Amino acid sequence: MSKVLVKNIGRLQTPVGSYAHKGSEQTENLVLDNANIIIDNGMISEIISGNGEHSKARVLEVEKEADNVIDAGGHLVTPGLIDSHTHMIFGGYRQHELPKKLRGATYLDILREGGGINDTVRATRAADEKTLYDKTSAFLDETASFGVTTCEIKSGYGLDFDTEIKCLEVLKDLNKKHPVDVVPTFMGAHALPPEYADGKNGGKVGFMDLMIQKLLPYIAEHDLADFVDIFVEDEVFSPEEGKPYLEKAKELGFDIKVHADEIKAIGGTELAGELGAKSAEHLIVTDDEGIEALAKGGTIAVCLPGTSFYLGSKFAPAREMIKKGVPVAIATDFNPGSCPNLNLQLMINVAILKYKMLPEEILTAITINAAAALNREHLVGTVEIGKQADLLIWNVDDFNMACYRYGSNLVDKTIKKGEVIYEQR
Ligand code: NIG
Ligand code: FE
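Quick summary incoming for the structure in this document. (Residues numbered from 1 in each chain as written. Chains lettered and ligands numbered in written order. Predicted model: local features only at pLDDT ≥ 70, side-chain atom pairs only at ≥ 80, totals over all residues. Heavy atoms only, no water.)

**Some remarks on the coordination of the iron ion (ligand 2)**
Thought 1: Distances from the iron ion (ligand 2) to its protein donors, His85 (NE2), His87 (NE2), His259 (NE2) and Asp333 (OD), fall within 2.1 to 2.2 Å.
Thought 2: Here the donor residues of the iron ion (ligand 2) are spaced in sequence according to H-x1-H-x171-H-x73-D.
Thought 3: Classification of His87 by relative accessible area gives buried; the value is 2%. (Donors = N, O, S within 2.8 Å, 3.2 Å for Na, K, Ca; no water. Buried < 20%, exposed > 50% of the residue type's maximum accessible area, 1.4 Å probe, protein only.)

Shown next, in the form of structure tokens:
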């Protein structure tokens, strides 16, 4: 048994309840002033609040028997943040695309010329396991420094059997060894690789056969992913091409996610709603019908403000989604092309300004709704008795300040299962 006390919390702010919060519930946070959290074996066992004699006596009692006491310094504490959408495993970078973009090339122009995702596919195929492991491990260290304690990572820069499996095995290893919990998503249907271009090897049909006949069953059998995702986009995969892949994934027991409406609305959101996807992600150009499909399917909207910012595009209609009862999560989309940034705090600031979401709605979006998008809502995403002690001690006193100050790292300590995994010096 190990006992940890987190004492001297000026303000504890957290959503409550182990489910995705939608509509007006997205705004509801519990706020406790003067709180202390007791952790037994990495799980929250007691929350003491208030400045009364009884509370003070109980804190002193626990302090005596605790193996470790962490002083929050009177600051704000929230649940550890959850980044529910990243593409954090890849070879190389794509800084050479920047001048092309500045001269007017669009994301899809670069992809069409064999660059973009396919550029990263070449580098990922060439990278060995250790290189990928070390690189992603360093990204996880960086995300922990910004307060993230659980992180989804999608494959999808291999696009052949060996490289997709290599990446998923590296993620499995990282999940065992890195303190940040890694939730792996298989995203083999991320782009059509060159060996299937121009009808070679059966074109898209041949590629989807590889996914459906070989990769999905292997990944299910070896338990290498929690979710299956696809890029439904103009010039990438249509809803008709994606449907059998997602249906096969469901049949094998995976929950599904869909990259939808990132650049053009071609029906990805409707497909996500129809198939009851756990989440639809991006949703930059989603219209009212798409929002209704999500509400009907009970699908979580994972909105990615950093991608809109980096692509110079519109921002997802997050307010409309909340109004129509769709639970909204916010994530980074960290990847080498459309969002080379993994600072989830920066996404808070962009969401405030561009989605016009309220601070409380944002906290819900990066904690419990993100947890629900990863099927972890019973384990993490709120500070409640029985939940894993994944906490963030900020170096500010209230969450409005975290939303207002942008570009700085406002983390004092990141705590995973009761242990400090990052501390700002
Ligand atoms: O989520 N949309 C597809 N995938 C990534 C970008 C991938 C890349 O450009 O490397 C995204 O934006
Ligand atoms: Fe993405």
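Here the narrative resumes.
**Considerations on empty space enclosed by the protein**
Thought 1: Under the defined criterion, the tally for this structure stands at 2 cavities of 30 Å³ or more.
Thought 2: Its boundaries defined by the atoms lining it, the largest cavity holds a volume of some 80 Å³.
Thought 3: Looking at side-chain class alone, the lining of the largest cavity contains 4 nonpolar, 7 polar and 3 charged residues.
Thought 4: In this structure, the second largest cavity encloses a volume near 40 Å³. (1 Å grid on protein atoms, 1.4 Å probe; cavity = no way out; pocket = protein on both sides within 12 Å on 5 of 7 lines; lining within 4 Å. Points joined across faces, edges and corners; volume = space filled by probe spheres on them. Nonpolar A, V, L, I, M, F, W, Y, C, P; charged D, E, K, R; others polar.)

**Examining helix α1 (residues 53-65)**
Thought 1: Over its 13 residues, α1 runs 19 Å from end to end, which matches the ideal 18 Å to within 8%, given 1.5 Å per residue.
Thought 2: Of the residues making up α1, those classed as buried are Ser55, Val59 and Val62. On an axial view of α1, the arc spanned by its buried residues comes to 70 degrees, and they lie on one face. In α1, the exposed positions angled more than 90 degrees off the buried face are occupied by Glu53, His54, Leu60 and Lys64.
Thought 3: Against the buried residues of α1 lie β1 (3-14), β2 (30-40) and β3 (43-49). (Helix = DSSP H or I, 4+ residues; strand = E, 2+ residues; numbered from the N terminus. Expected span 1.5 Å × (residues − 1). Arc of directions from axis to C-beta. Contact = heavy atoms within 4.5 Å.)

**Comments concerning the site of ligand 1**
Thought 1: What surrounds ligand 1 is a group of 15 residues, the closest being Tyr107, Tyr157, His190, Glu262 and Ser338.
Thought 2: Note that an oxygen atom of ligand 1 is positioned 2.6 Å from one of the side-chain N or O atoms of Tyr107.
Thought 3: Asp333 is positioned with one of its side-chain polar atoms (N or O) 2.9 Å from an oxygen atom of ligand 1.
Thought 4: Burial of ligand 1 by the protein chains amounts to 100% of its free accessible area of 330 Å².
Thought 5: Among the cavities detected, the one that contains ligand 1 is the largest cavity.
Thought 6: For the shell around ligand 1, a count of residues per class yields 4 nonpolar, 8 polar and 3 charged. (Near = heavy atom within 4 Å. Polar contact = N/O pair within 3.5 Å; in protein donor to acceptor, adjacent residues only side chain to side chain. Areas by Shrake-Rupley, 256 points an atom, 1.4 Å probe, with all protein chains shown as cover. Sits in = over half its atoms within 2 Å of the grid points.)

**Overview of unusual backbone geometry**
Thought 1: Although it is not a glycine, Asn41 sits at a positive phi angle of roughly 50 degrees.
Thought 2: Mapped onto the elements of the fold, Asn41 is located in the loop between β2 and β3.
Thought 3: Look at Asn41 and you get partly exposed, because its relative accessible area is 46%.
Thought 4: Here Glu235, not a glycine, exhibits a phi torsion of approximately 70 degrees, which is positive.
Thought 5: Counting through the fold element by element, Glu235 comes out in the loop between β9 (227-230) and α8 (239-251).

**Notes on the side chain of Asp261**
Thought 1: Its location among the elements puts Asp261 in the loop between β10 (255-260) and α9 (268-274).
Thought 2: No salt bridge is formed by the buried Asp261; its nearest oppositely charged neighbour, Lys314, is found at 9.6 Å.
Thought 3: In terms of polar contacts, Asp261 uses its side chain to reach the side chain of Thr269, at 2.5 Å.
Thought 4: Polar contacts involving the side chain of Asp261 include one to the side chain of Thr286, which spans 2.8 Å.
Thought 5: Residue contacts for Asp261: discarding those within four places in its chain leaves Val232, Glu233, Ile266, Gly267, Gly268, Thr269, Leu283, Ile284, Val285 and Thr286. (Lys, Arg positive; Asp, Glu negative; His and termini not counted. Salt bridge = Lys/Arg side-chain N within 4 Å of Asp/Glu carboxyl O.)

**Some remarks on the packing of aromatic side chains**
Thought 1: Inspection of the entire model under this criterion finds 10 aromatic pairs.
Thought 2: Centre to centre, the rings of Phe90 and Tyr157 are 6.1 Å apart; their planes meet at 70 degrees, and the pair counts as edge-to-face. Taken together, the positions of Phe90 in the loop between β6 (81-83) and α2 (97-102) and Tyr157 in the loop between β7 (148-154) and α6 (161-177) put the pair 67 residues apart, joining distant regions of the chain. Side by side, Phe90 and Tyr157 carry an identical accessibility label, which is buried.
Thought 3: Looking at Phe90, the relative accessible area reads 1%, which means it is buried.
Thought 4: One aromatic cluster in this structure is built from Phe90, Tyr93, Phe139, Tyr157 and Phe334.
Thought 5: Note that Lys135 overlies the ring of Tyr93, its terminal NZ or CZ placed 4.2 Å from the centroid. (Phe/Tyr/Trp six-rings, centres within 6.5 Å; stacked < 30°, edge-to-face > 60°. Lys NZ or Arg CZ within 6 Å of the ring centre and 35° of its normal.)

**Quick look at the pattern of salt bridges**
Thought 1: Going through the model one piece at a time under the given rule, you end up with 32 salt bridges.
Thought 2: Note that Arg94 is salt-bridged to Glu97, the shortest N-O span being 2.5 Å. Both residues of the pair, Arg94 and Glu97, belong to the buried class.
Thought 3: With a shortest N-O distance of 2.8 Å, Lys243 and Glu274 are connected by a salt bridge. One end of the pair, Lys243, is in helix α8; the other, Glu274, is in helix α9, with 31 residues separating them in the sequence.

**Digging into the layout of surface pockets**
To find the voids left in a structure, one rolls a probe of water-molecule size over its atoms.
Thought 1: Within this model, the largest pocket holds a volume of roughly 330 Å³.
Thought 2: As for the largest pocket, its lining consists of 16 residues, and the residues nearest its centre are Leu111, Arg112, Asn118, Leu192 and Glu235.
Thought 3: Secondary-structure elements contributing two or more residues to the lining of the largest pocket are α3 (107-112) and α4 (117-126).
Thought 4: Counting residues per element, the lining of the largest pocket draws most heavily on α3, which supplies 3 residues.
Thought 5: Considering only enclosed or pocket space, the second largest pocket measures out at about 230 Å³ in volume.

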